[in-house]
Amino acid sequence: AAEAVAASEAAARARSELEARAAEAEAAVAAAREQAEQNQAARLVLLGESNAKLEEQLLEQRAEVERQRVLHAEAVSAWSAGRKAAEEEAQRLCEALKTAEAALATAS
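All figures in this text were calculated on a predicted structure; none of them were measured in a lab.

A. Structural detail: the overall build of the protein chain. For the protein chain, the count of helices and strands is one helix and zero strands. Here the protein chain has a C-alpha radius of gyration of 46 Å; the compact-globule value for 108 residues is 13 Å, and the former is much larger. Per-residue burial for the protein chain yields a buried fraction of 0% across its 108 residues. Total accessible area on the protein chain is roughly 9500 Å²; 60% of this is exposed by carbon and sulfur atoms.

B. Up close: the pattern of salt bridges. Here the structure, examined in full by the defined rule, presents five salt bridges. When the shortest N-O distance is used, the salt bridge between Glu17 and Arg21 registers 2.7 Å. Placement of the pair is Glu17 and Arg21 together in helix 1 (residues 2-107), with a separation of four residues, close to one helical turn. On the basis of relative accessibility, which here comes to 42%, the residue Glu17 falls in the partly exposed class.

C. Geometry of the environment of Glu89. Tracing the backbone shows Glu89 in helix 1. Linking Glu89 and Ala102, residues 13 residues apart in sequence, is a C-alpha distance of 20 Å.

Procedures and definitions
Residues numbered from 1 in each chain as written. Predicted model: local features only at pLDDT ≥ 70, side-chain atom pairs only at ≥ 80, totals over all residues. Heavy atoms only, no water. Helix = DSSP H or I, 4+ residues; strand = E, 2+ residues; numbered from the N terminus. Rg over C-alpha atoms; globule rule 2.2 N^0.38 Å. Buried < 20%, exposed > 50% of the residue type's maximum accessible area, 1.4 Å probe, protein only. Areas by Shrake-Rupley, 256 points an atom, 1.4 Å probe, with all protein chains shown as cover. Salt bridge = Lys/Arg side-chain N within 4 Å of Asp/Glu carboxyl O.

Now the structure itself:
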């Protein structure tokens, strides 16, 4: 009977120790999950910051492209106006030359 009591007490101690270890393991799993969630949240924050920087760079590049487009359009417009003015000046000079040639022919 004493052996049965001793075995029962030993079994109770073993059970108690196993329950304590199980509780410790559950606490470790919960802590690991919490750490994983914190790590995931930190990764999402960093990813969001990275995306924000990329979006800012994209907006800056789009603005630069638009500025270059406007400058190109202005340059084309100025070139076109200059060409038209040159053609008009050439036409005027041709007419002046014809007038001068006619006057010279009349004078001689």
